[in-house]
Amino acid sequence: QVQLVESGGGLVQAGGSLRLSCAASGRTSGAMGWFRQAPGKEREFVAAVSWSDGNTNYADSVKGRFTISRDNAKNTVYLQMNSLKPEDTAVYYCAARYGSSWYPSNSKKQYPYWGQGTQVNVSS
């Protein structure tokens, strides 16, 4: 199975920043996404990036505050989170779709591989 390992979660004050990382096994093809899930809520799309050309896709709720990027040589994707709000508190998951499925989709159904999640807490 494909291995995805997230890191970088933690506690931060509102207005602060965190950077999440996801190290992925295998070839840098397809796309990587970040999703999050708060208690009692469904898992929602945050951001995604294509390995090949770096094209990105963002949820409206994070656009302008979060930046997704990738390092193809390191097989790693990052989520830089700035101007954090308490409503950003959630478990953040990275997800992968490989091969010719390169589009940075916002649908969790399009991502067959998932990491274990990393907790992000934003205090007010």
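Conventions adopted
Residues numbered from 1 in each chain as written. Predicted model: local features only at pLDDT ≥ 70, side-chain atom pairs only at ≥ 80, totals over all residues. Heavy atoms only, no water. Core = buried A, V, L, I, M, F, W, Y, C linked by side-chain atoms within 4.5 Å. Buried < 20%, exposed > 50% of the residue type's maximum accessible area, 1.4 Å probe, protein only. Helix = DSSP H or I, 4+ residues; strand = E, 2+ residues; numbered from the N terminus. Polar contact = N/O pair within 3.5 Å; in protein donor to acceptor, adjacent residues only side chain to side chain. Contact = heavy atoms within 4.5 Å. Pairing = 2+ DSSP bridges. Axes fitted to C-alpha atoms, helices over the stretch in contact; angles between N-to-C directions.

### Focus on the nonpolar core
Met32, Trp34, Leu79, Met81 and Tyr92 are the most contacted members of the largest nonpolar core, which totals 33 residues. Of all the elements in the fold, those that place two or more residues in this core are strand 3 (18–24), strand 4 (31–37), strand 5 (44–50), strand 7 (66–71), strand 8 (76–81), strand 9 (90–97) and strand 11 (118–123).

### Topic: the side chain of Thr76
In this fold, Thr76 is placed in strand 8. Take Thr76: its relative accessible area is 9%, and that puts it in the buried class. Polar side-chain contacts of Thr76 include one of 2.9 Å to the backbone oxygen of Lys74. Contacts of Thr76, omitting those with residues within four sequence positions, involve Ser21, Cys22, Ala23, Trp51, Ser69, Arg70 and Asp71.

### As for the sheet that holds strand 7
One open sheet accounts for four strands, arranged 1-3-8-7; its pairing is antiparallel. The sheet is open, and its two borders are formed by strand 1 (4–7) and strand 7, each paired with just one other strand. Neighbour-to-neighbour, the strand axes of this sheet turn through a mean angle of 15 degrees, independent of strand direction. Pairing of strand 7 with strand 8, which is carried by six bridges, proceeds in the antiparallel orientation. The residue of strand 8 that forms the bridge with Ile68 is Leu79.

### What to know about the pairing of strand 11
Across the two faces of strand 11 the burial differs, with Thr118, Val120 and Val122 buried and Gln119, Asn121 and Ser123 not buried at all. Two strands pair when backbone bridges link them, and strand 2 (residues 10–13) and strand 11 are joined in this way by four bridges, in the parallel orientation. Within strand 11, the residue paired with Gln13 across the bridge is Ser123. Strand direction decides the pairing type here: strand 9 and strand 11, joined by three bridges, are antiparallel.

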